[in-house]
Amino acid sequence: MDLKSFKEMLKKIYLALFIAATLACKADPRVTATVSPADLKPDQQQSLVAKEIVNMLETYHFKKISVNDSLSSVIFNRYLESLDGGHNYLLKTDVQEFEKFRNTFDDDLRKGDLSAPFYMYNVFQKRYNERIKYSLNELTKPFDFSSNETYTYNRSKLPWLASTKESDDLWKKRLKYELLNLKIAGSEQAKNIQTLKQRYENLLSQSNKVNNQDVFQRIMDAFTEAIDPHTNYFNPTNAQSFNEQMSKNFEGIGASLQQENEVVRVAGIIPGGPAYRAKTLHVNDRIIGVAQGKNGEFEDIIGWRIDAAVTRIKGPKGTIVRLKIIPAGQELTSTPKIVELVRDKVVLQDQLAKKTIKTVKSGDRTYKIGVIDIPDFYVDFKAYQANDPNYQSTTRDVRRLLDTLKQQKVDGVVIDLRQNGGGSLMEAIELSGLFIKSGPIVQVKDTRGKIEVNNDEDPSIAWDGPLGVITDRFSASASEIFAGAIQDYGRGIIMGTQTYGKGTVQSAINLDRVIKPLESFISGLNKNGTNQVTVNKDGTVRGFGQINLTIGKFYRVNGSSTQHKGVMPDVEFPMVFPADKYGESSEPSALPWDVIKASNFKPVANLSSIKQQLAPLHEQRMKASPEYKFLLEDIEQYKKRESETSVPLNEAKLKKEREDQEAKTLARENQRRALAGLPPLKKGELKPKESIDFIEDESLNVMADFIKLSKSSQLTFKY
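Everything quoted here is computed from the prediction, not taken from an experiment.

### Looking at the overall build of the chain
Looking only at helices and strands, the chain features 22 helices and 23 strands. Expressed as a percentage of its 719 residues, the buried residues of the chain come to 50%. Considering only contacts in the chain between residues 6 or more positions apart, those separated by 24 or more positions represent 77%. In the structure as shown, the chain presents an accessible area of about 34300 Å², 52% of it carried by carbon and sulfur atoms.

Here it is in structure tokens:
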């Protein structure tokens, strides 16, 4: 068969698929009675994606799941939670009506029939818009701030609203609470009314900009996360953002943008980018029009969704974009300025690894310790695959930082992985390799039960001195692989709290390569099978998107899974965020913890004796530390706030509560600053210029103990 005949055959196959998808998208008899012509509806592409994802999950997911009635009920609950988890919009009658879909999500998704979840969304959006319009109308009426009412702001565990009257009562109280907040802050009532009016008008406008891609994303989130927390579908726009985040770079003008009162505002200029170099665009400038190239016509983007506007402004390196700007501080009616920029590769510098050097006094000795903060494990895969010698990656950046720290003769190095949610597996392996000679770093078990050992093959060592790693509850995935390897090899000490427990492996699958669209054969797009980005008229990215599918599980070299359990620190700090609410163990659909055979690895040192001495020294400091006492009090205060669900609507009472809390917070902050030798803050100062990081400070003290004990015990690392 020649290429032409082959393409014709494919056209017929995908035409049949599109016809099937169209039939699947026909009106569902369960919902036709109340469907409005203005309601959002699924399209054929989404139907195809839903069917393909069901097939993929049942065939390739690590859990070997079956999409059945039992799972349908879980998906239903998750979807309903995503629509109105706070029970603030939907009525009891709405939810009762939705119950007929509880056990049909599985069959509908298998057929690509999305009418039921779209119907549920349309009912939710109707209720949402009703509440916003009701609130705008209520703002024209007087408010009494002397009554002893309370507003329940957290209704997640309360029954659904029984009637429109009950909903009206709730939203009157919500408005009163918002106005009270503004009034206590010192604003005049007339101004407060106008502020809220504008806020609610913006909410209504944004609600009316929701498109069917947004709804489909929400449906797929409920579906995939019912199976496990880390199998995720990304619509084309979100897939593009995810991959840019992984690489820490993108192609565009180098500005962060926000939407404010229907207008796109420049929130920040990224150092090193085109806007930064040109110095013609500034923070708080507003972009009202975009044109492509030197001669393209301007499109008015006032009122556009922010993602649609961003898609128009970003673009391939070397291309020209012209922006119609209202400079900061000028009225929107002012004559706009035209700014021309040549798009380029923009590196997100503030999200890359960075270093600081801290000094720690311990006894009669002062130690210099290099702290390397790693926000996540990133790599520019595109540049890496193109053999770009200057591709960006965590390991390459950290190696350079370590070289600098060695030149500055530090006594020890600490890797700070707090809030690091993971990223590239390759980077976790290679980063571990900077601190050991070579050997296994992580084991991976696939869906067939086959175990593959991933090794560091590079015998070079970038740092052979004392090493510490700081973790917290949000150190996850690649962070846990790195911390686990350092711990298992005896290469360093882990300080902080139990990590997240995300020990599953995902494969990112470009659905454009799995479900090639019919139009790609007609128009000649995607000839080489790559994910070519195409933009729709509304600014959204066209395509089928991407699924990150869980296909395996990570295990440490000692055989223990990082899944569910995470990595336990050698020197433990109190956990601010409780494990029953945050982390893998809080996820109902999470895979369990288990153990396999240890890999063939040789620890470079036995730190057990030193670790036993570190814990008492740490605890002794904690008993005498006011900061430690403050931390424990903060944790108790956090638990108390988490359990609260309502606030008073009496102005005098609420004002007194706020003032008492602010006075307490200010007194606490000034106590901390006095201990650190910093000047006190005055009332009304919102943010101190100097930050106090107690966890880092104490971790450095532990590190100083580690350095001293290593020397006194003549510790050597055997590579």
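### Let's talk about the packing of aromatic side chains
In the structure shown here, the tally under the stated rule is 21 aromatic pairs. Considering the side-chain rings of phenylalanine 101 and tyrosine 119, the 6.1 Å spacing of their centres and the 75° angle between planes classify their relative orientation as edge-to-face. In this pair, phenylalanine 101 is assigned in the loop between α4 (92–98) and α5 (105–111) and tyrosine 119 in helix α6 (residues 115–138), connecting sequence segments 18 residues apart. Using a relative accessible area of 0% as the deciding quantity, one classes phenylalanine 101 as buried. Taken together, the aromatic side chains of Tyr89, Tyr121, Phe124, Tyr128 and Trp171 make up a single cluster linked through ring pairs. Lying across the ring of phenylalanine 298, lysine 324 places its NZ or CZ 4.7 Å from the centre. Sitting over the face of the ring of tyrosine 391, arginine 396 holds its NZ or CZ atom 4.4 Å from the ring centroid.

### Description of the pairing of strand β4 (residues 255–260)
As judged from the six bridges shared by β4 and strand β5 (residues 263–269), these two strands associate in the antiparallel manner. Looking at the pairing, serine 256 lines up with glycine 268 of β5. Between β4 and β5, which pair antiparallel in sequence order, lie two residues; one of them, asparagine 261, sits at a positive phi of approximately 55°.

### Comments concerning the packing of helix α19 (residues 608–623) against helix α22 (residues 694–712)
Contact geometry of α19 with α22 gives a least axis separation of 10 Å together with a crossing angle of 140°. In this view, α19 runs oblique relative to α22, as classed from their interaxial angle. Crossing geometry of α19 relative to α22 is assigned as right-handed. Residues Ile610, Gln613, Leu614, Leu617, His618, Arg621 and Met622 of α19 form the contact with α22, whose own contacting residues are Phe694, Glu698, Asn701, Val702, Asp705, Phe706, Leu709 and Ser710.

### Re the packing of helix α20 (residues 626–643) against helix α21 (residues 651–675)
At their nearest, the axes of α20 and α21 sit 10 Å apart, and the two run at 155° to each other. The orientation of α20 relative to α21 falls into the category roughly antiparallel. Relative to α21, α20 is oriented so that their crossing is left-handed. Every residue of α21 that contacts α20 at Pro626, Glu627, Phe630, Glu633, Asp634 and Gln637 is listed here: Gln661, Lys664, Arg668, Gln671, Arg672 and Leu675.

### Side note on α19
Taking 1.5 Å of rise per residue, the 16 residues of α19 would be expected to cover 22 Å, and the 23 Å separating its terminal C-alpha atoms lies within 8% of that figure. Looking at the buried side of α19, the elements it contacts are α16 (478–488), β17 (493–496), β22 (571–572), α20 and α22.

### Points about the pairing of strand β21 (residues 546–555)
β21 sits mainly inside the fold: nine of its ten residues count as buried. Here strand β14 (residues 439–446) pairs with β21 via four bridges, running antiparallel. The residue bridging lysine 445 from the neighbouring strand is lysine 553, located in β21. As paired elements, strand β18 (residues 504–510) and β21 share seven bridges and run antiparallel to each other. What sits directly across from asparagine 510, in β21, is glutamine 546.

### Digging into the nonpolar core
Membership of the largest hydrophobic core comes to 71 residues, with the highest contact counts inside it found for Ile53, Tyr79, Phe98, Met120, Met220 and Phe223. Per-element accounting of this core gives the leading share, eleven residues, to α6. The contact partners of methionine 220, leaving out residues within four places of it in the chain, are Ala50, Ile53, Leu109 and Tyr233. If you look at the next biggest cluster of nonpolar residues, it comprises 69 residues, including Leu352, Ile369, Ile481 and Met703.

### With respect to the confidence of the model for the chain
Overall, the predicted model of the chain reaches an average pLDDT of 87, with 90% of residues at or above 70. Here residues 1–25 is modelled with pLDDT under 50, and outside its nearest four sequence neighbours on either side it reaches 30 contacts, counting other chains as well. Contacts of residues 517–533 to residues separated by more than four positions or lying in other chains number 30 contacts, the stretch itself having pLDDT below 50.

### A look at the sheet that holds β22
Spatially, the six strands line up as an open sheet ordered β11-β12-β13-β16-β17-β22, and their pairing is mixed. Of all the strands in the sheet, the pair left with one neighbour each is β11 (354–362) and β22. Where β11 lies against strand β12 (residues 365–373), nine bridges are found, and the strand directions are antiparallel. Across the sheet, isoleucine 357 pairs through a bridge with glycine 370, a residue of β12. Set on the sheet, α22 makes contact with β11, β12, β13 (412–416), β16 (467–471), β17 and β22; between it and β12 the angle comes to about 120°.

### Let's talk about unusual backbone geometry
In the Ramachandran plot, asparagine 284 falls in the positive-phi region, its phi being about 75° despite a non-glycine side chain. By the secondary structure assignment, asparagine 284 is in the loop between α11 (274–278) and β6 (286–292). The partly exposed category is assigned to asparagine 284, whose relative accessible area is 36%. Residues other than glycine seldom take positive phi values, yet serine 477 does so here, at roughly 55°. Structurally, serine 477 is set in the loop between β16 and α16.

### Brief notes about the side chain of arginine 131
Looking at the element boundaries, arginine 131 is found in helix α6. Residue arginine 131 is classed as buried on the basis of its relative accessible area of 6%. Setting aside its immediate chain neighbours within four residues, arginine 131 contacts Asn88, Tyr89, Thr164, Ser167, Asp168 and Trp171.

Cut-off values and rules
Residues numbered from 1 in each chain as written. Predicted model: local features only at pLDDT ≥ 70, side-chain atom pairs only at ≥ 80, totals over all residues. Heavy atoms only, no water. Helix = DSSP H or I, 4+ residues; strand = E, 2+ residues; numbered from the N terminus. Buried < 20%, exposed > 50% of the residue type's maximum accessible area, 1.4 Å probe, protein only. Contact = heavy atoms within 4.5 Å. Areas by Shrake-Rupley, 256 points an atom, 1.4 Å probe, with all protein chains shown as cover. Phe/Tyr/Trp six-rings, centres within 6.5 Å; stacked < 30°, edge-to-face > 60°. Lys NZ or Arg CZ within 6 Å of the ring centre and 35° of its normal. Pairing = 2+ DSSP bridges. Axes fitted to C-alpha atoms, helices over the stretch in contact; angles between N-to-C directions. Parallel < 35°, antiparallel > 145°, perpendicular 65-115°, else oblique. Left-handed = near helix turned anticlockwise from the far one by under 90°. Expected span 1.5 Å × (residues − 1). Core = buried A, V, L, I, M, F, W, Y, C linked by side-chain atoms within 4.5 Å. pLDDT = per-residue confidence, 0-100.

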